[in-house]
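# Summary of the model geometry
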Amino acid sequence: MTPWEMAAVLAAGTGAGAVNAVVGSGTLITFPVLLATGLPPVTATVSNGLGLVPGSISAIIGYREELRGQGRRALLLGIGAVLGGLAGAVLLLTLPASAFERIVPVLVGLALVLVACQPLIARRLRRRPAGSRTRRDGGPLLFTGMTLASVYGGYFSAAQGIIYVSLMGMLLDDTLQRLNAVKNVLAAVVSTVAAVVFLFFAEFDWTAVVLIAAGSALGGLIGARVGRRFSPAVLRALIVSVGTLALVHLVTH
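Sequence positions are assigned chain by chain, starting from 1 and proceeding in written order. At least 70 in pLDDT is required for a residue's local features to be given in this predicted model, at least 80 for side-chain atom pairs to be given and counted, and no such filter applies to totals for whole chains, interfaces and linings, which use all residues. Processing note: side-chain calculations cover all non-hydrogen atoms of the structure and skip hydrogens and water entirely.

Opposite charge on two side chains lets them pair, provided their charged atoms get close. Each reported salt bridge corresponds to a side-chain nitrogen of Lys or Arg within 4 Å of a carboxyl oxygen of Asp or Glu. Counting across every chain of the model gives three salt bridges. Of the charged contacts, one joins Asp174 and Arg73 as a salt bridge, the two residues approaching to 2.9 Å between their closest N and O atoms. Taken together, the positions of Asp174 in the loop between α9 (160-171) and α10 (176-201) and Arg73 in helix α5 (residues 71-94) put the pair 101 residues apart, joining distant regions of the chain. The exposure class of Arg73 is buried, given its relative accessible area of 13%. Where salt bridges share partners, they join Arg73, Asp174 and Arg178 into one cluster. Note on conventions: DSSP H or I runs of at least 4 residues are helices, E runs of at least 2 residues are strands, and numbering of each starts at the N terminus. Type-normalised accessible area, obtained with a 1.4 Å probe on protein chains alone, sets the label of each residue: buried when under 20%, exposed when over 50%, and partly exposed for intermediate values.

Given below as structure tokens:
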């Protein structure tokens, strides 16, 4: 890489770390930049996945207050994240990109609709008879949905966080900021599991990994510091806005 390319990758990593902490879809910042430096798509995806792990960890640190009292929830959903992240990483290394390219825009679009309609859906669920309400932990439906979202995250993490928040927002009665904190934990789990697989079985670019790691670690702390101050309405609007841009990018590229 030239010095200018290295600076661009570092800046992209910082932006991605900040966006991932608050919303998700940071991959849509780093991935095009890595491709522009000449890296092949799979190598860029793998290098990006490795580099964003520190950003996920710093986002967890930034959201530690919102994580209080959610240990059991994070642990339960984390099991699905491990299984899904492992499956997604294996799929990335074995299947052609076209296999997921068809379904990714559909998943992102559906997630955006769910996030936008989450307050209405939550009110409807709360009005249902007590015996038919969603369980406190979301039940098997949430675990299955989050595990499948983790499969996607292990394959290509763009908008993974948006899908997580949309599912939890539908099936859990909690604030959007607390759900966002759990999202960061699950994203970190998926990224770490996928990174371990990539280290042993995939080709990656160490320069890109180090630059994105440094940038994302700083960006994760910045994003968490800023994002925790957003009201639910502002955070939801930001999620929908970024997700819409992600959807447009995925459809047009």
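Don't stop here, the text continues.
Predictor confidence is given residue by residue as pLDDT, running from a minimum of 0 to a maximum of 100. Averaged over all residues, the pLDDT of the protein chain equals 80, while 80% of them reach at least 70. Should any heavy atoms of two residues lie within 4.5 Å, those residues are considered in contact. Residue range residues 130-134 is modelled with pLDDT below 50. Its contacts to residues more than four positions away, or to other chains, number five contacts.

Any empty space left between the atoms is revealed when a probe the size of a water molecule rolls over them. Residues are called lining when one of their atoms sits within 4 Å of a cavity or pocket point, these points coming from a 1 Å grid over the protein atoms alone, where a cavity is a set in which a 1.4 Å probe fits but cannot get out and a pocket is an open set with protein on both sides within 12 Å along at least five of seven lines. Grid points are joined across faces, edges and corners, and a volume is the space filled by probe spheres set on the points. Tallied over the entire structure, the rule returns one cavity of 30 Å³ or more. Lining the largest cavity are 30 residues, and of these Asn20, Leu52, Ser157, Gln160 and Ser191 lie nearest its centre. Looking at the lining of the largest cavity, the elements that each hand over two or more residues are α1 (3-22), α3 (41-51), α4 (53-62), α8 (139-155), α9 and α10. Per-element tally for the lining of the largest cavity: the top contributor is α10, with seven residues.

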